[in-house]
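Secondary and tertiary structure notes
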Amino acid sequence: MRIGKFFLFRSLFLKIFFSFWLAAAAIIGALTLMARFSYSESMPERLRGSVGEGLALYAETAVQIYDHDGPRAFADFVHRSYVESGTQVFFFDASGNPLSNIDVHGDEDVASLVSQIQQHPQSQERFYHLNLGKLTWGKGIIASSGRRFIFVMHFHSPSLGPPVFLSPLRIIVSILIAGLVCYLLALYLTSPVEKLQSMVKSLAEGNLNARVAPQLGRRSDELAVLGHEFDQMAERIAALISSQKRLLADISHELRSPLARLSVALELARKNSDGKAVPALDRIEQEGERLNKLVGQLLALTRLESGAERIPADIVPLEELVQQVVDDAKFEARPLHKEVKVMVLEHCRVRGSSELLRSAVENVVRNAVRYTVENTAAEVSLQWKLDTAVFSVRDYGPGVPGDELENIFQPFYRVSEARERSSGGTGLGLSIAERTVTLHGGSIRAQNANPGLIVVIEIPLTPSPEHKIASHSQRPVSV
Amino acid sequence: MVPVPVLLIDDDTELGKLLEEYLQSEQLHLDTAHDGPSGLEKALSSQYAVVVLDVMLPGMSGLDVLKQLRLKSSVPVLMLTARGSELDRILGLELGADDYLPKPFNPRELVARLRAILRRTTGAATAGPSGPVRLADVELHPESRSVMRSGESVTLTGAEFDLLHTFLRSAGKIISREDLTQAALGRPMSPVDRSIDVHVSNLRRKLGPYEGEQERIKAIRGSGYVYLLPGEQP
């Protein structure tokens with residue numbers, strides 16, 4: 001789950017993480033270079049100044065000891081400083097022959113320094129060599145006896161070496177630590193966005209109780225403010241939708257109560273009247289029924305269009321639903337000398353509300369039964385094509401003029417007024433079907449079949465292994 | 001003929017008066033309650049043969065009344081639901097209502113439904129001698145209207161009981177939805193009537209599958225339902 005969310009946010013998260021890390025690494029690199037540079041720059045100054053004076057004093061002292069007290073005392077003196085600070089001393093006579101017993105073969109720094117000093121026999125100049133942070137320092141010295149020596153030192157003294165943080169390992173470690181910090185920072189910055197995103201998604205899916213605030217804890221930055229504003233918006237939407245729902249329920253109740261009383265009063269009137277009133281009473285009943293149907297469909301349409309209806313994500317077996325609707329429609333078609341035939345019926349699983357989908361399918365099938373002429377059949381088929389369930393109903397009626405095909409899904413649109421009235425439709429059935437199908441991510445269209453009309457509904461299938469298995473082992477369909 | 005006492009729980013007082021007048025001629029005596037709590041109290045007094053309950057009630061919803069009622073009483077209940085609210089209907093039948101009628105209803109239809117319920121509930125007690133029915137793990141006792149599954153008692157509503165009885169009598173045979181409706185609800189099936197499917201699915205859920213997850217009640221598309229014999233391949 002963590003991984004999934006991570007990938008969901010990969011772009012923002014990775015952008016922040018890598019750009020910060022890159023910046024941090026660049027800063028570390030720049031600082032390192034600057035430090036190295038300024039160190040190299042300052043070194044000659046220091047060697048010419050106080051440090052150089054100290055070294056010269058040390059060298060002269062050592063030379064005096066050699067000159068006065070002999071090589072043994074010199075070795076003692078030099079050895080002490082080697083033990084204390086790791087300073088190596090190389091000692092040569094004027095012609096460059098080593099006087100100390102330290103092997104200098106292979107040490108090019110020392111050798112080149114010695115030859116440099118030899119080339120300036122009269123000079124008191126000090127020479128030095130900086131190599132990989134190691135300092136080789138040398139000077140020609142004339143002892144009080146007048147003998148000339150060449151004194152060279154190798155330093156390991158940290159105070160003279162390059163700053164410790166410049167070692168490559170330390171640089172790598174600090175870049176890695178910077179990476180960790182940047183990772184945490186990126187996480188800190190993007191996690192509220194991630195939470196906000198998941199809540200927006202949840203709200204869009206119909207969970208009106210989705211709120212961000214509890215997940216943000218005690219943050220109070222701009223993202224937290226954004227979260228609070230989202231919560232206020234969600235609060236408002238929830239209030240609007242619930243008041244809309246309440247209003248619809250109230251309208252439904254208030255419109256139907258008189259109808260309920262009307263139908264009871266009608267039956268009472270029937271009981272107490274003689275035969276002459278029967279046609280009129282029948283008419284009252286018929287109109288009452290029509291009004292009732294109209295109220296129901298109008299409410300259904302309003303509910304669909306207002307968004308108050310939340311589409312659940314149940315898995316709906318369309319073929320069962322179609323079969324049930326067809327069974328009912330047959331029942332109603334028989335007295336009208338009409339038929340309903342199932343041509344193809346394939347397993348189709350879609351996601352949504354079975355109640356709404358049933359009413360959509362029912363409205364389309366009823367419409368076909370209504371318009372197909374006597375002794376013909378409305379032909380129903382359900383097939384899946386790639387990732388879509390295709391449901392189509394064909395009737396053998398008069399069809400619809402080509403330029404009006406689009407309009408038949410408009411509420412109260414009537415192609416032929418007289419026919420529609422006599423067939424008892426409300427003019428809302430196809431609109432309800434259209435809204436429902438659209439809410440399920442599908443489409444509906446009508447085309448003339450000459451004779452008759454075909455209405456085709458397409459709804460995306462839900463991807464499930466069950467569907468694949470079922471479609472391969474198609475069971476025989478009882479019609 | 002003594003009028004059969006019927007209780008109507010509905011907040012529409014005018015409707016109550018009209019219905020009372022109408023039902024009088026049908027030998028049904030209607031008593032009314034206008035809100036949930038008082039309706040529940042009256043319904044629990046066990047002086048009514050059948051209760052007509054509106055789902056949309058102020059204060060306490062009809063479904064809550066039904067839930068409370070079913071804790072203590074098995075009096076038959078006919079629900080009046082808002083048309084188009086399938087959820088109310090399914091919930092109502094699951095909570096133990098015997099049948100439902102979408103409102104606004106035709107009073108003739110109401111009388112037919114009431115008579116069907118009364119026939120079933122009073123008729124069952126006097127129906128001829130029929131002994132217990134046993135099939136595999138299920139045992140049904142008509143005289144006590146009780147059902148045992150693997151020795152454990154299963155609580156069924158009146159309609160579910162009659163449905164199971166019908167199934168067991170014709171186990172292994174396909175029974176059409178029309179016949180099941182007639183047998184279990186005592187009335188002919190009307191178009192666009194899904195209540196038998198709800199009852200079947202409730203019964204299926206309460207009984208569970210046979211041992212080994214074998215399906216117990218199978219829908220036959222376009223025909224009806226079949227109560228499978230144990231070991232029978234669906």
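The rules behind the values
Residues numbered from 1 in each chain as written. Chains lettered and ligands numbered in written order. Predicted model: local features only at pLDDT ≥ 70, side-chain atom pairs only at ≥ 80, totals over all residues. Helix = DSSP H or I, 4+ residues; strand = E, 2+ residues; numbered from the N terminus. Contact = placed C-beta atoms within 7 Å. Buried ≥ 20, exposed ≤ 12 C-beta atoms within 10 Å, placed from the backbone. Pairing = 2+ DSSP bridges. Axes fitted to C-alpha atoms, helices over the stretch in contact; angles between N-to-C directions. Right-handed = clockwise from strand over helix to strand, strands pointing away. Nonpolar A, V, L, I, M, F, W, Y, C, P; charged D, E, K, R; others polar. Parallel < 35°, antiparallel > 145°, perpendicular 65-115°, else oblique. Expected span 1.5 Å × (residues − 1). pLDDT = per-residue confidence, 0-100. Core = buried A, V, L, I, M, F, W, Y, C linked by C-beta atoms within 7 Å. Domains from an automatic or database assignment. Left-handed = near helix turned anticlockwise from the far one by under 90°.

1. Here we look at the overall build of chain B
Counting its secondary structure elements, chain B contains 8 helices and 12 strands. Excluding contacts between residues fewer than 6 apart, the proportion of contacts in chain B whose partners are at least 24 apart in sequence is 56%.

2. Topic: the overall build of chain A
Each helix and strand counted, chain A has 13 helices and 11 strands in total. Of all 479 residues assigned to chain A, the portion counted as buried reaches 29%. In chain A, the proportion of contacts linking residues at least 24 apart, taken out of those at least 6 apart, comes to 67%.

3. Side note on the sheet that holds strand E10 (residues 443–448) of chain A
All names here are of chain A. Overall, mixed pairing links the 5 strands, which are arranged E6-E8-E9-E11-E10 in an open sheet. The sheet is open, and its two borders are formed by strand E6 (339–345) and E10, each paired with just one other strand. Across the sheet, the mean angle from the axis of one strand to that of its neighbour is 15°, orientation sign disregarded. One ladder, built from 6 bridges, connects E10 with strand E11 (residues 453–460); its direction is antiparallel. The residue bridging Ser443 from the neighbouring strand is Glu458, located in E11. Those strands touched by helix H9 (residues 318–333) are E6, strand E8 (377–385) and strand E9 (388–394), and its axis lies near 165° from that of E6.

4. Considerations on the pairing of strand E2 (residues 28–33) of chain B
Residue and element names in this part refer to chain B. Sheet analysis places strand E1 (residues 4–9) next to E2, joined by 6 bridges and oriented parallel. If you follow Leu8 over to E2, its bridge partner there is Thr32. Of the crossover connections in this fold, the one passing from E1 over helix H1 (residues 13–24) to the parallel E2 is right-handed.

5. Details of the interface of chain A and chain B
With 25 residues of chain A in contact, the opposing surface of chain B contributes 24 residues. Within the residue set of the side of chain A that touches chain B, elements represented by two or more residues are helix H7 (222–272), helix H8 (278–306) and H9 of chain A. Residue composition of the side of chain A that touches chain B, by class: 8 nonpolar, 8 polar and 9 charged.

6. Focus on the packing of helix H5 (residues 168–204) of chain A against H7 of chain A
All names here are of chain A. Following both chains from N to C, one finds H5 and H7 inclined at 10°, their axes separated by 10 Å at the closest point. With respect to H7, the axis of H5 lies roughly parallel. Side by side, H5 and H7 meet where Pro192, Val193, Leu196, Met199, Val200 and Leu203 of the first sit next to Leu223, Ala224, Leu226, Gly227, Phe230 and Ala234 of the second. Looking at side-chain class alone, the contact of H5 with H7 contains 11 nonpolar, 1 polar and no charged residues.

7. Focus on H8 of chain A
Residue and element names in this part refer to chain A. With 29 residues, H8 should cover 42 Å at 1.5 Å per step; its first-to-last C-alpha distance of 41 Å lies within 8% of that length. Turning to H8, its buried residues are Asn292, Gly296, Gln297, Ala300, Arg303 and Leu304. Where the residues of H8 are buried, they touch H7, helix H10 (354–371) and helix H12 (429–439).

8. Focus: H10 of chain A
Spanning 18 residues, H10 of chain A covers 26 Å between terminal C-alpha atoms, matching the ideal 26 Å at 1.5 Å per step. Most of H10 of chain A is tucked away, with 17 of its 18 residues classed as buried.

9. Concerning the confidence of the model for chain A
All names here are of chain A. Mean pLDDT over chain A: 80, with 84% of residues reaching 70 or higher. Low pLDDT, under 50, characterises residues 1–5; the predicted model gives this stretch 1 contact beyond four residues in sequence or across chains. Taken as a whole, residues 465–479 scores under 50 in pLDDT and shows 15 contacts with residues more than four places along the chain or in a different chain.

10. Topic: the sheet that holds strand E7 (residues 138–141) of chain B
Hydrogen bonding along the main chain pairs the strands of a sheet, whether they run parallel or antiparallel. Residues and elements named next belong to chain B. Taken together, 4 strands build an open sheet; the order of strands is E6-E7-E8-E9 and the sheet is antiparallel. This sheet does not close on itself; its edge strands, each paired only once, are strand E6 (133–135) and strand E9 (152–154). Neighbour to neighbour, the strand axes of the sheet diverge by 25° on average, direction disregarded. Each of E6, E7 and strand E8 (146–149) touches helix H6 (residues 158–169); the most contacted strand, E7, lies at about 115° to it.

11. As for the environment of Gly186 of chain B
All names here are of chain B. Position of Gly186 among the secondary structure elements: in the loop between helix H7 (177–185) and helix H8 (195–207). For the pair Gly186 and Arg113, spaced 73 residues apart in sequence, the C-alpha to C-alpha distance is 8.1 Å. Discounting residues that sit within four places of it in the chain, Gly186 has contacts with Ala116, Ile117, Arg119 and Arg120.

12. Things to note about the nonpolar core
In terms of nonpolar packing, the biggest core is built from 66 residues, with Val6, Leu7, Val51, Leu53, Val77 and Leu78 of chain B touching the most fellow members. No fewer than three residues from each of domain 1 (4–126) and domain 2 (133–227) of chain B sit in this core. In contact with Leu53 of chain B, other than residues within four places in its own chain, are Ile9, Gly62, Val65, Leu66, Val77, Met79 and Leu80 of chain B. Listed in part, the 44 residues of the second largest apolar core include Leu321, Val350, Ala368 and Ala433 of chain A.

13. Let's talk about unusual backbone geometry
For the peptide bond that leads from Asn450 of chain A to Pro451 of chain A, omega is 0°, which places it in the cis range. Looking at the element boundaries, Pro451 of chain A is found in the loop between E10 and E11. Here the bond from Lys103 of chain B into Pro104 of chain B is cis, since omega is 0°, no more than 30 degrees from zero. Summarising the element assignment, Pro104 of chain B is placed in the loop between strand E5 (99–103) and helix H5 (107–126). Located in the positive-phi region is Leu386 of chain A, a residue other than glycine, with phi close to 55°. Structurally, Leu386 of chain A is set in the loop between E8 and E9.

14. Quick notes on the environment of Phe127 of chain A
Residues and elements named next belong to chain A. Of note, Phe127 is situated in strand E2 (residues 126–131). Residue Phe127 is classed as buried on the basis of its 20 C-beta neighbours within 10 Å. Taking the C-alpha atoms as reference points, Phe127 and Leu113, separated by 14 residues in sequence, lie 6.9 Å from one another. The contacts of Phe127, once residues within four sequence positions are left out, are Leu113, Gln116, Ile117, Gly138 and Lys139.

15. Concerning the packing of H8 of chain A against H12 of chain A
All names here are of chain A. The contact between H8 and H12 brings their axes to 10 Å, and the two run at 25°. Classed by the angle they form, the pair H8 and H12 counts as roughly parallel. The interaxial crossing formed by H8 with H12 has left-handed handedness. Across the interface between the two elements, Gln297, Ala300, Leu301, Leu304 and Glu305 of H8 pack against Gly429, Ser431, Ile432, Arg435, Thr436 and Leu439 of H12. Looking at the contact of H8 with H12 residue by residue, the class counts come to 5 nonpolar, 4 polar and 2 charged.

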